[in-house]
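Working through the structure, step by step
Chain by chain, the residues:
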Amino acid sequence: MRIDDGWLSPARRLASPNQDARPAGEVSLLVLHSISLPPGEFGGEHIERLFTNRLDPAAHPFFAAIADLRVSAHLLIRRDGECVQFVPFAARAWHAGRSRWLDGALERRALNDFAVGIELEGDEVTPYTGAQYRALASATAALLAHYPALTPRRITSHARVAPLRKNDPGPAFDWAYFRQELGKIRT
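What counts, and where the lines are drawn
- Residues numbered from 1 in each chain as written.
- Predicted model: local features only at pLDDT ≥ 70, side-chain atom pairs only at ≥ 80, totals over all residues.
- Heavy atoms only, no water.
- UniProt positions renumbered as here; feature names shortened; annotations may be inferred.
- Pairing = 2+ DSSP bridges.
- Helix = DSSP H or I, 4+ residues; strand = E, 2+ residues; numbered from the N terminus.
- Contact = heavy atoms within 4.5 Å.
- Axes fitted to C-alpha atoms, helices over the stretch in contact; angles between N-to-C directions.

Looking at an unreviewed UniProt entry, one finds the chain named 1,6-anhydro-N-acetylmuramyl-L-alanine amidase AmpD and attributed to Halomonas pelophila. Under the UniProt heading Catalytic activity (unreviewed entry), the note attached to the chain is "Hydrolyzes the link between N-acetylmuramoyl residues and L-amino acid residues in certain cell-wall glycopeptides." Listed under Sequence similarities (unreviewed entry) in UniProt, the entry text for the chain is "Belongs to the N-acetylmuramoyl-L-alanine amidase 2 family."

In structure tokens, the structure reads:
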């Protein structure tokens, strides 16, 4: 995989309106998330519809509470490893919400300003697929190669930057396996 003009090739592009300019143009953190819509169900267009403001609140009882959210991620990795990109990496996606990151001795907030958000289609308790780990490792390797301020030590989870609000990608995410797959690509 490679990054051209902020887009990951060969990801499918589906532009989200839920984005804006990064204030300083910095890309130095990768935040991993998980999402399933409806909760615990995989497949379908509901995630794509949420990130493009087209989620039908009547399609499922859970959707009424979230249909008006204006959220996005840079990239979604589906269960089969397909990558769908909603926001170019050079722009700010709206994924981290109220969060904070200890950057050396400095506590930083407004993480969307400098973080890339990758969503894994999952529910925190169901194991992620091998295809997802391989796609995540490939996408991460491309990001590390393209953005020098982003390093393996600057990869974290939504749970770590918003611990009182979020727990994704959850205990089902195998960090050791992900790092092993990333190491295979980077060597």
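That covers the picture; the talk isn't over yet.
Some points on the sheet that holds strand 11 (residues 115–121)
The strands making up a sheet associate through hydrogen bonds between their backbones, and the pairing can be parallel or antiparallel. Pairing is mixed in the open sheet, where six strands are placed in the order 3-7-6-11-5-12. Each edge of the open sheet carries a strand with a single partner, namely strand 3 (12–13) and strand 12 (155–157). Across two bridges, strand 3 lies against strand 7 (residues 83–85) in parallel orientation. Residue pairing across strands places R13 opposite Q85, the latter belonging to strand 7. In the packing of helix 3 (residues 130–146) onto the sheet, contacts are made with strand 5 (29–35), strand 6 (75–77), strand 7, strand 11 and strand 12, and the angle to strand 11 comes to roughly 170°. Packed on one face of the sheet, helix 5 (residues 175–186) meets strand 5 and strand 12 and runs near 155° to strand 12.

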